[in-house]
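# Chains, contacts and geometry: an overview
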Amino acid sequence: MKIYLFRHGQTVYNADGERFCGTSDVGLTALGWQQARRAARLIRGVRPAAIVHSGLRRSLETATAIRESLPGAADCPLVAHEGFREVGFGAWEGLTRAEVNRLYPELYAEWLVHPEEARIPGGDDLYERQQEAVDAFLDVVARYRDGDLVIVAHNTLNRLLILGLMGLDARHYRRIVQENACLNILEYREEEGVRLHALNRVPERDE
């Protein structure tokens, strides 16, 4: 089966100095909706068994825009799965990087070098979230094993998930780029695991 893994479109936090968003429930900007609709063109012809989202507003809105823009997908169910929610950044959420650097200079410096070791107040553990994401992936592919899937998730979560499915450590997640409304294509076979066919595709470059 094929899994079409998207990042959500631009949010108000992305547009406003790249604020840490995490589990904050912010929506898409007008541009974000446009990005999501354009992203659907990358999978035209696909008839997914379900479109899975994280339950956060920006993920649901992107999933909705993709379904509305994908011919023949009007009846495709939108399914929330909390395992795909974004990594929580606790006390940093809503702050820009410059603000975090001013308020938490030592912790921010550690996070830049060793994000898996930095303990953000109220934030998630990267290793735990990576395992939860992999578990969520295995759950949905088992549930919809007879069809292809669209999953709409988040920047850090997607990177941790892709690494986890490849058997790689969470500490390396910054080596993967996930632009707004990008598409990653995975193939899953129970006996072989996951193959990565495409990474960080966006309509402006890859149509």
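See the structure shown above.
Residues numbered from 1 in each chain as written. Predicted model: local features only at pLDDT ≥ 70, side-chain atom pairs only at ≥ 80, totals over all residues. Heavy atoms only, no water.

### A word on the overall build of the chain
- Helices and strands together make up the secondary structure of the chain, namely eight helices and six strands.
- When the helices and strands of the chain are read in sequence order from the N terminus, they spell out β-α-α-β-α-β-α-α-α-β-α-β-β-α.
- By the compact-globule yardstick of 17 Å for 207 residues, the chain fits well, its C-alpha radius of gyration being 16 Å.
- C-alpha atoms of the chain, sized along the principal axes, occupy 50 × 40 × 30 Å.
- Per-residue burial for the chain yields a buried fraction of 54% across its 207 residues. (Helix = DSSP H or I, 4+ residues; strand = E, 2+ residues; numbered from the N terminus. Rg over C-alpha atoms; globule rule 2.2 N^0.38 Å. Buried < 20%, exposed > 50% of the residue type's maximum accessible area, 1.4 Å probe, protein only.)

### Things to note about the packing of helix H6 (residues 126–143) against helix H7 (residues 155–165)
- Two numbers describe how H6 lies on H7: the axes approach to 8 Å, and their chain directions differ by 75°. Compared by their axis directions, H6 and H7 come out roughly perpendicular. Seen from H6, the contacting residues are Leu 126, Arg 129, Gln 130, Ala 133, Val 134 and Phe 137; seen from H7, they are Thr 156, Leu 157, Leu 160, Leu 161, Leu 163, Gly 164 and Leu 165.
- Of the residues belonging to the contact of H6 with H7, the class tally is nine nonpolar, three polar and one charged. (Axes fitted to C-alpha atoms, helices over the stretch in contact; angles between N-to-C directions. Parallel < 35°, antiparallel > 145°, perpendicular 65-115°, else oblique. Contact = heavy atoms within 4.5 Å. Nonpolar A, V, L, I, M, F, W, Y, C, P; charged D, E, K, R; others polar.)

### Re the pairing of strand E6 (residues 193–201)
- Direction of pairing for strand E5 (residues 183–189) relative to E6: antiparallel, over a ladder of six bridges. Looking at the pairing, Arg 189 lines up with Gly 193 of E6.
- In sequence, E5 turns back onto E6 through a hairpin of three residues. (Pairing = 2+ DSSP bridges.)

### With respect to empty space enclosed by the protein
- Inspection of the entire model under this criterion finds one cavity of 30 Å³ or more.
- Taken as a whole, the largest cavity spans an internal volume of roughly 90 Å³.
- Pro 115, Ala 118, Ile 120, Asp 124 and Leu 126 are, among the 13 residues lining the largest cavity, the residues nearest its centre.
- For the lining of the largest cavity, the class distribution of residues is eight nonpolar, one polar and four charged. (1 Å grid on protein atoms, 1.4 Å probe; cavity = no way out; pocket = protein on both sides within 12 Å on 5 of 7 lines; lining within 4 Å. Points joined across faces, edges and corners; volume = space filled by probe spheres on them.)

### Some details on the sheet that holds strand E4 (residues 149–153)
- Spatial strand order, E3-E2-E4-E1-E5-E6: six strands in an open sheet with mixed pairing. Looking at strand neighbours, the two that pair on one side only are strand E3 (78–80) and E6, the edges of this open sheet. Within this sheet the neighbouring strands show an average axis-to-axis angle of 20°, counted without direction.
- Bridge count for strand E2 (residues 50–53) against E4 is four bridges, and the pairing is parallel. Looking across to E4, one finds that His 53 is bridged to Val 152.

### Observations regarding the nonpolar core
- Formed by 40 residues in total, the largest nonpolar core has its most connected members in Ile 3, Phe 84, Trp 92, Trp 111, Phe 137, Ile 151 and Leu 161.
- For this core, the elements supplying multiple residues, two or more each, are strand E1 (2–7), E2, helix H5 (105–113), H6, E4, H7 and E5.
- The element contributing the most residues to this core is H6, with seven residues.
- In this structure Trp 92 touches Phe 20, Val 100, Tyr 104, Leu 107, Tyr 108, Trp 111 and Ile 120, once residues within four positions along its chain are discounted.
- One finds Ala 40, Leu 42, Ile 66 and Leu 183 within the second-largest nonpolar core, a separate group that totals 19 residues. (Core = buried A, V, L, I, M, F, W, Y, C linked by side-chain atoms within 4.5 Å.)

### Notes on the packing of helix H2 (residues 30–39) against helix H3 (residues 57–69)
- One way to put it is that H2 packs onto H3 with a least axis distance of 8 Å and a crossing angle of 45°. Overall, the two elements H2 and H3 adopt an arrangement that is oblique. Helix-helix and strand crossings are classified by hand; for H2 and H3 the assignment is right-handed. Residues Trp 33, Ala 36 and Arg 37 of H2 lie in contact with H3, whose contacting residues are Glu 61, Thr 62, Ala 65, Ile 66 and Ser 69. (Left-handed = near helix turned anticlockwise from the far one by under 90°.)

### Re the packing of aromatic side chains
- Enumeration according to the criterion identifies nine aromatic pairs in this entry.
- With 6.1 Å between their ring centres and 50° between their planes, Trp 92 and Tyr 104 make a pair best called tilted. Taken together, the positions of Trp 92 in the loop between E3 and helix H4 (97–103) and Tyr 104 in the loop between H4 and H5 put the pair 12 residues apart, joining distant regions of the chain.
- Its relative accessible area of 0% is what places Trp 92 among the buried residues.
- When its relative accessible area of 25% is taken as the criterion, Tyr 104 is described as partly exposed. (Phe/Tyr/Trp six-rings, centres within 6.5 Å; stacked < 30°, edge-to-face > 60°.)

Keep in mind these numbers describe shape, not what the thing actually does.
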